[in-house]
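Per-entry structural report
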Amino acid sequence: MSGDPKPPDHGAGAVLTLDALRDCFEGAVPAVLATVDPAGVPNVSYISQIHYVDPDRVALSYQFFNKTRRNILSTRTASVEVVDPLTTAFYQLDLDFETTQSEGPLFESMKARLAGIASHAGMAGVFRLMGADIFRVRAIRQVLPPKVPRPVPPVAALPALRRVLGEMARAVTLGDLYDRTLDAIARHLGITNLMIFVPDETRLALDAVATWGYTASGIGSEVRLGDGVIGVAAREKVAIRIDHMSSDYLYGTAVRNGLLADAGRDRADEPGVAFPGLARPESQIALPVLWQNRLVGVLFAESPAPLRFMHEEEDTLACVAAALAAHAAVLEAEEDAEASFDQRPATRFDTTLTLRHFAADDSIFAGGDYVVKGVAGAIFWKLVRAYVTAGTSEFSNRELRLAPELRLPSHAENLEARLVLLERRLQEKALPIQMEKIGRGRFRLVVRANLALQEG
Amino acid sequence: MGHEKRPTAARDAFHLPDEIAGFIESGVSIILAVVGPDGRAKAGRALAARVVAGGAIRVIYPAEGNGAITAAVAAGGPIAVTFSAPMSHRTIQLKAMSSRAEAFEPEDRTGLDRQIDAFAAVLRAIGYGPAFVQSFCDNRSQSVFVLGFRPETAFEQTPGPGAGREL
């Protein structure tokens, strides 16, 4: 609360900060909101959601233009009483209204949480976020002390985070980094359903490049920008979590079919890999992986238990996402300067693999089976054409980065991520064409069939 | 607040229908706001309410943790009290331009015990854990204060676009 002429009143001797009160804002016990109108008449109501914004500010959900809303706009003050659901301590906060946001990262983050709260309260369809009303916290008072001892958390977040970061630092390739990250989260943080997505800007979608804890790997499954917690986290570049599942954010056949129907397309038109997620998740969290303020991925976790991811888990996974971005940038940048390419006539084999390319979305089918699409599909097509026409089987990232036909966005630094996706899809399909790393920023196509290439 | 002491109000008291009186005494959640001398509304929670002769409302609330409410009531501040049933979400808000401190009466104890038991059963039914429910029930042995007011307006507050309708 720097810059204030008067420090906030935190009560007798105790230094209370919003950071210490965040469990009160998980929505487990409804908060009480008191406002007053210009004539001095009070109003009191429950408030569905108080959102921690930063150490000085909270946001309240504005859902209806009611008396509370009119009072806030006219007298610009409010007071709330919140309960810590773990200790049953009560706190009162005096608030001064600042502004309302009706779009953007904070709004989307609150909207997702509110959808979960509404679903849990049997109020789906009634609760709808119109705006995030942001208040500066003037004073915090503890009005009732804790009565229940705070439970010991099953995982001590900070030492567990340290172990996760330690394991991530051992990765030598990007694919290795993805796998180590998910494995370390599962082992040290006890979160066992995880995915990493990488964005494909050319088709406004994200592709799963690593997964942990699912029956089907789901590598290559697609989430559209803005769809569910993953798509909203990617679009808004903000952590999105939901504590009780809401159909508004569920990935499933119905949602997907609905989206395709909206676009006037039949499901059969849309080749892809099925989303491997839990059938009935209650908690989900998606964290943007940002490097130089650009989205380079999304780290996603889910659980069949409600309220699995609270502020502390969000903080911990946000640190992991930050480390993931930094390690990925370094691993991506490491490339060999030398580039001597092996060119030789293609060997003849007994079997022939037919690869078919559809230019509209760069999707590739092998013997009729979907393999990959988007930028990863374009890369694959370039590789196999070079192999068939010139006998080239060794490639460098640098060469691909400069290839105009790949339609890589000019700022795209996540070429390596797309190569990891392609390599993993080829492995999953057990095709007689595989990729093999032969040095930093270089790889070889290992081909064990004659290739027949078809366009469209 | 006995009937014979009824103050002359600029606006005559709102007549509370029996059905609403029954609702607010049935063991519901009770939250309140009283405007303090600083012009800010103070939020608080109460344990029980009674509708007495003449339509006045007595609100029984824990002394501990409600210092701001007690001070605002001592100054006669305007009051709003919201009664809400967690299962049905039915919510009623009563308002008055003044409030006052009242002495605890034997009937307050009966109402308090009955309403705490009824509301604890609701908390259990909607899934609050035993520790939380026990903590609520412990209020039975708390020191309590009583405030009184004569409702002037009543509002339907059940969540949704219809909330705020005057009854």
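None of these values were measured; they are calculated from a predicted model. (Residues numbered from 1 in each chain as written. Chains lettered and ligands numbered in written order. Predicted model: local features only at pLDDT ≥ 70, side-chain atom pairs only at ≥ 80, totals over all residues.)

**Regarding the overall build of chain B**
- A tally of helices and strands in chain B yields four helices and ten strands.
- The order of α-helices and β-strands along chain B, N terminus first, is α-β-β-β-β-α-β-β-β-α-α-β-β-β.
- Scored against the burial criterion, the 167 residues of chain B give a buried share of 40%.
- Look at the contacts in chain B between residues 6 or more apart in sequence, and 72% of them connect residues 24 or more apart. (Helix = DSSP H or I, 4+ residues; strand = E, 2+ residues; numbered from the N terminus. Buried ≥ 20, exposed ≤ 12 C-beta atoms within 10 Å, placed from the backbone. Contact = placed C-beta atoms within 7 Å.)

**Re the environment of Gly297 of chain A**
All names here are of chain A.
- On the secondary structure map, Gly297 appears in strand E13 (residues 294-303).
- By the C-beta count within 10 Å, which is 25 here, Gly297 ends up buried.
- Between the C-alpha atoms of Gly297 and Phe197, which are 100 residues apart in sequence, the distance is 5.3 Å.
- In this structure Gly297 touches Ile196, Phe197, Val198, Val289 and Leu324, once residues within four positions along its chain are discounted.

**Thoughts on the interface of chain B and chain A**
- With 32 residues of chain B in contact, the opposing surface of chain A contributes 29 residues.
- Of the residues that constitute the side of chain B that touches chain A, the class distribution is 17 nonpolar, ten polar and five charged. (Nonpolar A, V, L, I, M, F, W, Y, C, P; charged D, E, K, R; others polar.)

**Brief notes about the domain arrangement of chain A**
Residue and element names in this part refer to chain A.
- As assigned here, chain A comprises domain 1 (18-144), domain 2 (157-333) and domain 3 (352-455).
- Taken together, the contact between domain 1 and domain 2 spans 17 residues of the former and 18 residues of the latter.
- Of all the elements, helix H2 (residues 105-120) adds the most residues to the side of domain 1 that touches domain 2, at eleven residues.
- For the side of domain 1 that touches domain 2, a count of residues per class yields seven nonpolar, six polar and four charged. (Domains from an automatic or database assignment.)

**Quick word on helix H3 (residues 157-168) of chain A**
All names here are of chain A.
- Taking 1.5 Å of rise per residue, twelve residues should cover 16 Å, and H3 covers 16 Å from first to last C-alpha, within 8% of that figure.
- Within the sequence span of H3, burial applies to Leu161, Val164 and Met168. The buried residues of H3 all sit within an arc of 60° when viewed along its axis, so they share a single face. Exposed residues lying more than 90 degrees from the buried face of H3 are Pro159, Arg162 and Gly166.
- Check the buried side of H3 and you find it contacts helix H4 (174-189) and helix H7 (311-333). (Expected span 1.5 Å × (residues − 1). Arc of directions from axis to C-beta.)

**A closer look at the sheet that holds strand E10 (residues 165-166) of chain B**
Residue and element names in this part refer to chain B.
- Sheet architecture is open: six strands sit in the order E2-E1-E5-E6-E9-E10, paired in antiparallel fashion. The open sheet has two edge strands, strand E2 (41-46) and E10, and neither has a second partner.
- Along the sheet, helix H2 (residues 67-74) makes contact with strand E1 (29-35) and E2, crossing E1 at roughly 55°. (Pairing = 2+ DSSP bridges. Axes fitted to C-alpha atoms, helices over the stretch in contact; angles between N-to-C directions.)

**Some details on unusual backbone geometry**
Residues and elements named next belong to chain A.
- With a phi angle near 60°, Thr88 is a residue other than glycine that sits in the positive phi range.
- Tracing the chain through its elements places Thr88 in the loop between strand E5 (77-83) and strand E6 (90-101).
- When the 19 C-beta atoms within 10 Å are taken as the criterion, Thr88 is described as partly exposed.
- Non-glycine residue Lys237 carries a positive phi angle of around 55°.
- When you line up the elements, Lys237 lands in the loop between helix H5 (228-236) and strand E11 (240-242).

**Side note on the confidence of the model for chain B**
All names here are of chain B.
- Of all residues in chain B, 89% have pLDDT values of 70 or greater, and the mean over the chain is 86.
- Across chain B, element-level confidence peaks in strand E7 (residues 100-102) with a mean pLDDT of 97 and bottoms out in E10 with 80.
- Scored below 50 in pLDDT, residues 1-11 makes ten contacts in the model with residues more than four places away or belonging to other chains.
- Our summary of model confidence lists the complex with pTM equal to 0.83 and ipTM equal to 0.87. (pLDDT = per-residue confidence, 0-100.)

**Things to note about the packing of H4 of chain A against H7 of chain A**
Residue and element names in this part refer to chain A.
- Between H4 and H7, whose axes approach to 10 Å, the crossing angle comes to 160°. Overall, the two elements H4 and H7 adopt an arrangement that is roughly antiparallel. For the pair H4 and H7, the sense of crossing is right-handed. Contact residues: Leu174, Leu177, Thr181, Ile185 and Leu189 in H4; Thr316, Val320, Leu324, His327, Ala328, Leu331 and Glu332 in H7. (Parallel < 35°, antiparallel > 145°, perpendicular 65-115°, else oblique. Left-handed = near helix turned anticlockwise from the far one by under 90°.)

**Observations regarding the environment of Glu313 of chain A**
All names here are of chain A.
- Within the secondary structure, Glu313 sits in helix H7.
- Judged by the 21 C-beta atoms lying within 10 Å of it, Glu313 falls in the buried class.
- Measuring from C-alpha to C-alpha, the distance between Glu313 and Ala430 comes to 37 Å, with 117 residues separating the pair along the chain.

**A short note on the pairing of strand E4 (residues 57-62) of chain A**
All names here are of chain A.
- Among the six residues that make up E4, five are buried, leaving the element largely enclosed by the rest of the structure.
- Across four bridges, strand E3 (residues 50-54) lies against E4 in antiparallel orientation. If you follow Asp54 over to E4, its bridge partner there is Arg57.
- The antiparallel hairpin formed by E3 and E4 contains two residues in its connecting segment.
- With six bridges joining them, E4 and strand E7 (residues 131-144) adopt antiparallel strand pairing. For Ser61, the partnering residue across the bridge sits in E7 and is Ala132.

**Details of the sheet that holds strand E12 (residues 283-291) of chain A**
All names here are of chain A.
- Pairing is antiparallel across the open sheet formed by six strands, whose spatial order is E10-E9-E8-E13-E12-E11. Looking along the sheet, the strands with just one partner apiece sit at the ends: strand E10 (222-224) and E11. Sheet twist, expressed as the average angle between the axes of neighbouring strands with direction ignored, equals 25°.
- In this structure, strand E8 (residues 194-200) lies alongside E13, joined through four bridges in antiparallel fashion. Residue Ile196 lies in a different strand from E13, and its bridge partner there is Leu299.
- Contacting E8 and strand E9 (205-212), H4 crosses the sheet at an angle of about 60° to E9.
- Its contacts with the sheet place helix H10 (residues 415-428) against E8 and E9, and it is angled at close to 60° to E9.

**Details of the packing of H3 of chain A against H4 of chain A**
Residues and elements named next belong to chain A.
- In contact at an axis separation of 9 Å, H3 and H4 are set at 160° when each is read in the N-to-C sense. One finds that H3 runs roughly antiparallel with respect to H4. Helix-helix and strand crossings are classified by hand; for H3 and H4 the assignment is right-handed. Contacts from Ala160, Arg163, Val164, Glu167 and Met168 in H3 reach Leu177, Arg180, Thr181, Ala184, Ile185, His188 and Leu189 in H4.
- Here the residues of the contact of H3 with H4 are counted per class, giving seven nonpolar, two polar and three charged.

**Quick notes on the nonpolar core**
- Ranked by internal contacts, the top residues of the largest apolar core, which has 155 residues, are Phe197, Val209 and Val298 of chain A together with Leu32 and Val59 of chain B.
- By residue number, the principal contributor to this core is helix H8 (residues 374-390) of chain A, which donates eight residues.
- Contact partners of Val59 of chain B, with chain neighbours within four places excluded, come to Ile30, Leu32, Ala46, Ala49, Val81, Val146 and Leu147 of chain B. (Core = buried A, V, L, I, M, F, W, Y, C linked by C-beta atoms within 7 Å.)

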